[in-house]
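Breakdown of the fold
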Amino acid sequence: MRATEEHTATAPTHAAPPPQTEEDAEKERRRRRRPARRAKQQAAPPVAAPQAAPQVDMAGPRPSRSMPPPMRVGNRFDALAVAEPEPAAGTSRSCPLLPAPFPGAVAQARAAPVVGMGVGGAPRRLYFPPYWPDQVVEEAIQRGHVFTGKFRVNAHNRNEAYCTIDGIPVDVLMTGPAQNRAIEGDTVAITLDPVVQWTRMKGPNSTCNPATGGVSVVREVSETNGNHSSKRGQADTSCRFENCSNGLSVSDRMHNHHKNSGFSQAVKCENGHAIVPESYEDLNEGKTEAAIALQRICSVIYSHPSRRPTGKVVSVIKMSSRRGAVVGFLAPLSEFPDGEPHRNQMNVQGSKRMNHIASSFVTGLVHLLPTDPKFPLMIVSVSTLPDSIRQSLKEGNIAIEKEIVAACIDEWNEESPFPWARVVKFLGKGGQVESHMDAILFENSISDAEFSPESMACLPDVCWKIPQEELEARKDLRNVLTFTIDPPTASDLDDAISIEILPEGIVRVGVHIADVSYFVHPETALDAEAQIRSTSVYTLRRKVSMLPSRLSAELVSLNPGADKLAFSVIWDIDPHGSIVNRWIGRTIIFSCCKLSYDLVQDLISSDVSQFGSVAASLQVHGMFEQGDIIKSLRCLYEITKNLKEIRFKGGALSLDTAKPMILFDEDGAPCDSYRYKRNDACFIVEELMLLANMSAAEVISNAFPDCALLRRHPEPNPRKLKEFEAFCARNGFELDSSSSGQLHLSISRMKEKLQNDPVMFDILMFYASKQMQSAEYFCTGDLISKNDDWAHYALSVPLYTHFTSPLRRYPDIIVHRTLNAVIEAEQMYLKQKKVSTVRNGVKAKSCEMMDRCFTGLQFSKDAAESKEGREALSAAAKKFKFPSSDDLGEAAEHCNERKWASRRAEEAGQKLYMWALLKRNEVLWCIIVFYLSRLSLF
């Protein structure tokens, strides 16, 4: 394992009173240096420390970062035992500034078996400390001795892993044995090491200034630019795949992410260093022990701005789903005497290699080499493999090592240096596109299995038609010009657009979304399966749908020439692009045609004289003609152009660039590639869908402020933005990253300057996208006291959600149900208030606004907080089977994980087919060169 450049060093200590003489001063300096030097070099014999907490028995000092990890493989596992030396004299084994250990932890720690001793006192060798009991962990969390976070492994150096602790401004580092059998994605409980064991932080460190509250940064990023890869091999820059927090100021992290911190009150900064005022203890009144501990830890972090906290895993609270999705290759156990898997196994040849493979059958164990570098080396028992594989091992067949296997981790106890895995299935030979595609889906837990009979039973009969009661209950928009705009190959059409020209220059624009929630009901088998899948996955040549095709492509798809159920948002927009009115509700629509992006682009950019040839392929259903559609498209283009201009004036950010696309031949093999750049037709749809999502977010968050599913996009990492600024400066560009709007203006200037150098601009955009964090779903109840954290950075809007794609995103179905509840509550409230008796003396427009007290442009807070309003909202929530705030938070977390998994799969699939294309072109080029050489042309 490669060593890194982060080293453990002694932290500054508080100065003692100065001695009276120079000789005494020298003795005092030597005495003060000695403990720290012993802690680092371990020159003196270890001195046992009194037991203070469970970590005393179970964790030793962190090994030097310059040393390779101790998890090595010898001929026998006995050589892998992890020595647990006691701390050197003068060092503490608990985190500084924390309260004294609580009695329960000490008692249970003393009752636990001693490390290295088996049942009845028989000696046994442990490679890791045992996990703490659940009760001890729970008490320690409440006391502020233990903290929880998501375990994330550095893909470029598996010896490094990080945890983000809510309320602590920097990620905590764990190396080597301190990772204590945790796996990528686990939710773990960790303890912090003493300050003297904290590692040095690489990169520039800005001085703290919590008194000023820090610079207010804006939020969110375009959801198509959510990758967060990092610099290779650097601990700080690769510490966070999602929502990296290393560069955030402490005031931003504390104020935005932990409601109990109070850190800015407890700590003041002088000359860049934190000091705790004398009245600090008074600020602790009414705070929990955990909050007080966080304050103390943060004060230490501010006192040592160049240090990164380190810690140890003491328990795995929740195992990651990735434990059941391991992909790799089998290898002989005896092949890696040093414990480091040599990936180029083909160096070992002939009979020697066959002997290694055959020896695995004798020992009964083989290695599993995961393809994901975040996973450790694993062990598989030969007895669990199929008979054919065991026979191949017995015969020493080296072809077995080329098979891609899918496996899951069964267990990893403290007596094993590696996790024990079980092979689930063999996916095929490495180097074949289909085998690798199956591996990509498996390692991201994406199932392309058929839907269960129970789920299919939830769908209506084949002869189903829209019931008469639905026709009467919904707003009838079948006589309004409506159409869809999608890629030409799209089969599941979940959004349509309508337009009407009103007097005084007002244009009524509607976005109509397939009413999936009418067919997918809560607490059904179909709903459960859709929630598990959470999103549709597209990998160029394969699609894994979230919903059955009969539902997504037939029943609810907004196909032209048929009546369809929809959920609609309709706006009245004036010539300046301002919205003067809004209506949200359930409708029935009739789409007159299906348009492609390229056709729409031709229609809005062609001259009138060319309309006939362009629109020749346009098939129109119903009462409208081609001319009506062309006129409507041009009007929509002007409206959305105004909306886009207003949005970017408001501070929105776009990092849109051309993307590589791959073409396939008749046999499904990649044959060519090209750069695809979105056109104006794409932006027509995008602007209206963004507006619909923002409208839905506003309505559900106002009506249900503690139980709405929204989508937030955190601001970028300030430190990474500074690195990007430096990169731009080195290449002669000025960058203002003070806000999303200023960043967008800077990028626009770069684009104009680089008109003749698109490659350089793509490099800049790629670099810029890497500074952004990923957008994520969340339950408003989880951030009820931190409304500023609800915002979307890239869109520069305070509220945003997903409403427009319920056929391929489960969160959209949840939002549809929430909107249904709001509409139901609005109707119930108006009925209870007997609005009909009030209408006599009220103008029609005022009546219309009163009819939409929850869904209109102006939300009536008085109506929502009245007795009738609260009762109506509560009854509607029960009718539509609203999840609790906790359940909705868990659903949001699952949807985030599934969305990131689908993104990883789609990106991996893109790389796979690009690899296949390059490989094919290389072969073709070799053939061409061969024949040309035969013709003596070279």
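Residues numbered from 1 in each chain as written. Predicted model: local features only at pLDDT ≥ 70, side-chain atom pairs only at ≥ 80, totals over all residues. Heavy atoms only, no water.

In the nomenclature of an unreviewed UniProt entry, the protein corresponds to DIS3-like exonuclease 2 from the organism Brachypodium distachyon. UniProt, in the comment section headed Function (unreviewed entry), describes the protein in these words: "3'-5'-exoribonuclease that specifically recognizes RNAs polyuridylated at their 3' end and mediates their degradation. Component of an exosome-independent RNA degradation pathway that mediates degradation of cytoplasmic mRNAs that have been deadenylated and subsequently uridylated at their 3'." (UniProt positions renumbered as here; feature names shortened; annotations may be inferred.)

Turning our eyes to something else, we now look at the overall build of the protein. A count of helical and extended segments in the protein gives 26 helices and 28 strands. Each of the 938 residues in the protein was classed as buried or not, and the buried ones make up 52%. Once local pairs closer than 6 in sequence are excluded, the contacts in the protein between residues at least 24 apart make up 77%. Accessible surface, the protein: about 43700 Å² in total, of which carbon and sulfur atoms supply 53%. (Helix = DSSP H or I, 4+ residues; strand = E, 2+ residues; numbered from the N terminus. Buried < 20%, exposed > 50% of the residue type's maximum accessible area, 1.4 Å probe, protein only. Contact = heavy atoms within 4.5 Å. Areas by Shrake-Rupley, 256 points an atom, 1.4 Å probe, with all protein chains shown as cover.)

Turning our attention to the UniProt feature "site: Important for catalytic activity" (unreviewed entry) in the protein. In the UniProt entry, the feature "site: Important for catalytic activity" (unreviewed entry) is given for Asp494. Positionally, aspartate 494 belongs in the loop between strand 17 (482-486) and strand 18 (495-501). The class for aspartate 494 is buried, based on a relative accessible area of 6%. Residues contacting aspartate 494, with those up to four places away along its chain left out, are His512, Ile513, Ala514, Leu558, Thr804, Ser805, Pro806, Leu807 and Arg808.

Right, let's talk about the environment of glutamate 871 for a bit. Of note, glutamate 871 is situated in helix 25 (residues 867-879). Once the C-alpha coordinates of glutamate 871 and tyrosine 829 are considered, the two residues, 42 residues apart in sequence, prove to be 8.3 Å apart.

So, on to the packing of aromatic side chains. All told, the structure shown has twelve aromatic pairs when counted by the stated rule. Ring centres of phenylalanine 128 and tryptophan 412 lie 5.5 Å apart, and the angle between their planes is 85°; this geometry places the pair in the edge-to-face category. Here the residue phenylalanine 128 occupies a position in the loop between helix 3 (103-111) and helix 4 (134-143), and tryptophan 412 occupies one in the loop between strand 14 (403-411) and strand 15 (420-429), the gap between them amounting to 284 residues. Just as phenylalanine 128 is buried, tryptophan 412 falls in that class too. The structure contains a cluster of three or more aromatic residues connected by ring pairs, namely Trp464, Tyr518 and Phe519. The ring centre of phenylalanine 664 lies 4.8 Å from the NZ or CZ of arginine 541, which sits over that ring. Looking at lysine 644, its charged tip hangs above the ring of phenylalanine 683, at a distance of 3.7 Å from the centre. (Phe/Tyr/Trp six-rings, centres within 6.5 Å; stacked < 30°, edge-to-face > 60°. Lys NZ or Arg CZ within 6 Å of the ring centre and 35° of its normal.)

Let us now look at the side chain of serine 557. If you trace the backbone, serine 557 turns up in the loop between helix 14 (549-555) and strand 22 (563-573). You can call serine 557 buried: its relative accessible area is 0%. A polar side-chain atom of serine 557 sits 3.3 Å from the main-chain carbonyl oxygen of serine 491. Other than its neighbours up to four places away in sequence, serine 557 contacts Ser491, Asp492, Leu493, Leu551, Ser552 and Lys564. (Polar contact = N/O pair within 3.5 Å; in protein donor to acceptor, adjacent residues only side chain to side chain.)

One finds Phe483, Ile485, Leu595, Leu633 and Phe803 to be the most contacted residues of the largest nonpolar core, which totals 69 residues. With 13 residues, the single largest contributor to this core is helix 18 (residues 680-703). Non-local contacts of phenylalanine 803, meaning those with residues more than four positions away in its chain, are made with Ile513, Phe567, Val569, Ala692, Asn693, Ala696, Arg809, Asp812, Val815, His816 and Leu819. Counting residues in each nonpolar core, the second largest holds 32 residues, with Leu493, Val556, Leu558 and Tyr777 among its members. (Core = buried A, V, L, I, M, F, W, Y, C linked by side-chain atoms within 4.5 Å.)

Once that is clear, we can look at the state of the cysteines. Tallying each qualifying case throughout the model produces zero disulfides. Distance from the sulfur of cysteine 707, which forms no disulfide, to the nearest cysteine sulfur (cysteine 779) is 5.1 Å. (Disulfide = S-S within 2.5 Å.)

It is worth spelling out the pattern of salt bridges at this point. Here the structure, examined in full by the defined rule, presents 34 salt bridges. Between arginine 143 and glutamate 289 there is a salt bridge whose closest N-O contact spans 3.2 Å. Here arginine 143 is found in helix 4, whereas its partner glutamate 289 is found in helix 7 (residues 289-303), with 146 residues between them in sequence. A relative accessible area of 28% means that arginine 143 is categorised as partly exposed. Its salt-bridge partner being glutamate 865, residue lysine 861 comes within 3.9 Å of it at the nearest N-O pair. Taken together, the residues lysine 861 and glutamate 865, both in helix 24 (residues 861-865) and four residues apart, mark about one turn of the helix. Judged by relative accessible area, glutamate 865 falls into the partly exposed class, the value being 48%. (Salt bridge = Lys/Arg side-chain N within 4 Å of Asp/Glu carboxyl O.)

On to the confidence of the model for the protein, then. Per-residue confidence for the protein gives a mean pLDDT of 77; residues scoring 70 or more make up 70%. This stretch, residues 1-20, has a pLDDT under 50; its non-local contacts, to residues over four places away or in other chains, come to 54 contacts. (pLDDT = per-residue confidence, 0-100.)

What follows concerns helix 9 (residues 387-395). For the α-helix, the turn length of 3.6 residues means that residues three or four positions removed from each other point alike. What helix 9 keeps buried is the set Ile389, Ser392 and Leu393. The buried residues of helix 9 occupy one face: seen down the axis, they fall within an arc of 100°. Within helix 9, the exposed residues directed more than 90 degrees away from the buried face are Asp387, Lys394 and Glu395. Just past helix 9, the residue glycine 396 takes up positive phi, approximately 70°. (Arc of directions from axis to C-beta.)

Reading around the barrel, the five strands line up as 11-12-13-15-14 and close back on themselves, with mixed pairing between neighbours. The average undirected angle you get between the axes of adjacent strands in this sheet is 55°. Here strand 12 (residues 365-370) pairs with strand 13 (residues 378-381) via four bridges, running antiparallel. By the bridge assignment, valine 366 is partnered in strand 13 with valine 380. Contacts from helix 10 (residues 433-443) reach strand 11 (326-332), strand 14 and strand 15 within the one sheet, and its direction differs from that of strand 15 by about 145°. (Pairing = 2+ DSSP bridges. Axes fitted to C-alpha atoms, helices over the stretch in contact; angles between N-to-C directions.)

Our next topic: a nonpolar patch on the surface. Together, Met661, Leu663, Tyr674 and Tyr676 give the surface a local cluster of nonpolar side chains, amounting to about 320 Å² of exposed area. For the nonpolar patch, the secondary-structure elements that each account for two or more residues are strand 25 (659-664) and strand 26 (670-676). Residue position: tyrosine 674 is located in strand 26. (Patch = residues over 30% accessible without salt bridge, like charges linked within 9 Å, V, L, I, M, F, W, Y side chains within 5 Å.)

A separate point is the packing of helix 17 (residues 626-649) against helix 18. Following both chains from N to C, one finds helix 17 and helix 18 inclined at 65°, their axes separated by 9 Å at the closest point. For the pair helix 17 and helix 18, the crossing hand works out as left-handed. Contact with helix 17, carried on its side by Leu633, Leu636, Tyr637, Thr640, Leu643, Lys644 and Arg647, involves Asp680, Phe683, Ile684, Glu686, Glu687, Leu688, Leu690 and Leu691 of helix 18 and no other residues of that element. By residue class, the composition of the contact of helix 17 with helix 18 is nine nonpolar, one polar and five charged. (Left-handed = near helix turned anticlockwise from the far one by under 90°. Nonpolar A, V, L, I, M, F, W, Y, C, P; charged D, E, K, R; others polar.)

A word on unusual backbone geometry. A positive phi angle is found at glutamate 504, which is not glycine, with a value near 60°. By the element assignment, glutamate 504 lies in the loop between strand 18 and strand 19 (507-514). Phi at glutamate 523 is positive, roughly 60°, even though this residue is not glycine. Following the sequence through the fold, glutamate 523 ends up in the loop between strand 19 and helix 13 (525-533). Judged by relative accessible area, which is 66%, glutamate 523 ranks as exposed.

Attention now goes to the sheet that holds strand 1 (residues 147-150). The sheet built from three strands is open, its strands ordered 1-5-10 with antiparallel pairing. Here the strands that pair on one side only, and so sit at the sheet edges, are strand 1 and strand 10 (311-318). Averaged over neighbouring strand pairs, the angle between their axes works out to 35° when direction is ignored. Relative to strand 10, strand 5 (residues 187-192) is paired through six bridges, and the arrangement is antiparallel. Paired with leucine 192 across the strands is glycine 311, a residue of strand 10.

Looking at where serine 383 falls in the secondary structure, it is placed in the loop between strand 13 and helix 9. Along the primary structure serine 383 and glycine 364 are separated by 19 residues, whereas in three dimensions their C-alpha atoms are 6.8 Å apart. A polar contact of 2.8 Å, which involves the side chain of serine 383, links it to the side chain of serine 381.

Residues Met378 and Val380 line one face of strand 13 and the alternating positions Ile379 and Ser381 line the opposite face, and both faces are buried. As judged from the two bridges shared by strand 13 and strand 15, these two strands associate in the parallel manner. Directly across from valine 380, in strand 15, lies its bridge partner alanine 421.

Another point: the side chain of serine 536. For serine 536, the position within the fold is in the loop between helix 13 and strand 20 (537-538). Dropping the residues within four chain positions of it, serine 536 is found in contact with Val544, Ser545, Met546, Leu807, Arg808 and Glu906.

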